[in-house]
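# Summary of the model geometry
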Amino acid sequence: MREVGIVGVGHTKFGKTDQDFLTMLGEAALLCLDDAGVAPGPGAGIDQVLVASVGGGMVNRISASASALVDTLHLCPAMAECVENGPASGASAVKLGYMAIASGMCDCVLVVGGEKMNGKGGAAATDFVSTMLHPEAEYAYGLTLTAFVAMFTRLIMEKYGVTAEDMARVAVKNHENAMHNPDAQLHKRVTLEELTEGPDLERKNPLVADPLRRYDMCPMSDGAAAVLLCAMERAERFVKPPVRIAGIGQATDTHVVANRAVPTDLLAVRLAAQRAYAMAGLGPEDMDVAELHDAFQILEIVESEEVGFFPRGEGHLAVRRGDTALGGRIPINPSGGLKAKGHPLGATGVSQVVEIVRQLRREAGVRQVEGAKAGLCVNFGGFGNNVVATVLTRA
């Protein structure tokens, strides 16, 4: 197989936008092409365009958005396809772009992930996200992702001694990181005290699904991100040195969460990471920085264990020690994570890759992890029933 690198990245500001869905995708794509030093049009030499989105058709009423984006950017006759894999859509699209180049079918692939989730109301968004649950065994009974995570969190608390303060510490860290990311949705510092105590707690950080409070989960977000993939032997025509995609792993777990043998395990996270490490010829000890899928703060803690950074049941202790903060042993979510950077579903996996590329290029500014040579992304789909892990290294 041919080696594949990333030669351009683009990222819109996450949050709430008045842009329509296609315009948002186009902005991220143009920023990416500009970063790579190429102009849109047939001369860009792009063989394939992949668009990752969960709700482009369902929420925004725009189907076949990849074809529309190719035409908008004057990239015809490039191949165009849409990728939908729940919240793991973005990383899945990157994986498919990698496969197209590694196989020799393409030399250059543009991957764009995006979602426009605001404007329909909170209840509609909750229902939209919940459709990824099992239609008969879960969704039909009114279960939501938030309800599942609340039950999962309670089990983790009882089994390993994780506290509400531990989850709040993750939120405090990620909000602080987001202060240094101009693309982040939430530029607001928070303290442990205001998230966990005081007479105004129910106003500032109300319960959503016991034991989860508002700051234990990500906001609803619009936004898009893009990466330009290229065969390493063709990368010299771009203005910046490539960042190598060293390993990609993917795994699934049972769709019905109640059927899992150990309900506190995230087996697909563990297997996806192991496969990505094996492909890269590296291990968790070689990672300098990570972007983990923290749609809920308990997930960052548990994922940090499943990917091998910390022993089982000790991820929360690492947070207490500051191991996952900037300057710590393994900084996690320097971008602000889904918690504060935002979580436009289809964009998230691509956005994670963008952050690690910027870290490895030494372009992350105040949030730069010094000396970073390798990084891990984990894009979590459903309730851990489809997970993609990606290892990136400096070329």
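The text that follows walks through the structure, step by step, so that each part is easy to find. No experiment lies behind these values; they were computed from the predicted model shown.

### What to know about the side chain of N174
The residue N174 is located in helix α6 (residues 164-178) in this model. When its relative accessible area of 0% is taken as the criterion, N174 is described as buried. In terms of polar contacts, N174 uses its side chain to reach the side chain of D294, at 2.9 Å. Non-local contacts of N174, meaning those with residues more than four positions away in its chain, are made with D294, Q297, E300, I332, N333, G336, K339 and A340.

### Details of the nonpolar core
Among the nonpolar cores identified, the biggest contains 58 residues, and I298, F309 and L376 are the most heavily contacted of them. Those residues within four positions of I298 in sequence are excluded, and the remaining contacts are V149, F152, T153, I156, V162 and M167. Core analysis: the second largest hydrophobic core is formed by 36 residues, L50, A102, V109 and I248 among them.

### A short note on the packing of aromatic side chains
Describing an aromatic ring pair means giving the distance of the ring centres and the angle of the ring planes. Scanning the model with the defined rule gives three aromatic pairs in all. Aromatic pair F152 and F383: ring centres 5.3 Å apart, planes at 75°, arrangement edge-to-face. Here F152 is found in helix α5 (residues 145-160), whereas its partner F383 is found in the loop between β10 (374-381) and β11 (386-394), with 231 residues between them in sequence. Judged on exposure class, the residue F152 and its partner F383 are both buried. Considering the side-chain rings of F380 and F383, the 6.2 Å spacing of their centres and the 85° angle between planes classify their relative orientation as edge-to-face. A connected cluster of aromatic rings, assembled from ring pairs, spans F148, F152, F380 and F383.

Reading the values: rules and limits
- Residues numbered from 1 in each chain as written.
- Predicted model: local features only at pLDDT ≥ 70, side-chain atom pairs only at ≥ 80, totals over all residues.
- Heavy atoms only, no water.
- Helix = DSSP H or I, 4+ residues; strand = E, 2+ residues; numbered from the N terminus.
- Buried < 20%, exposed > 50% of the residue type's maximum accessible area, 1.4 Å probe, protein only.
- Polar contact = N/O pair within 3.5 Å; in protein donor to acceptor, adjacent residues only side chain to side chain.
- Contact = heavy atoms within 4.5 Å.
- Core = buried A, V, L, I, M, F, W, Y, C linked by side-chain atoms within 4.5 Å.
- Phe/Tyr/Trp six-rings, centres within 6.5 Å; stacked < 30°, edge-to-face > 60°.

Spatial relationships are all this shows, so hold off on functional conclusions.
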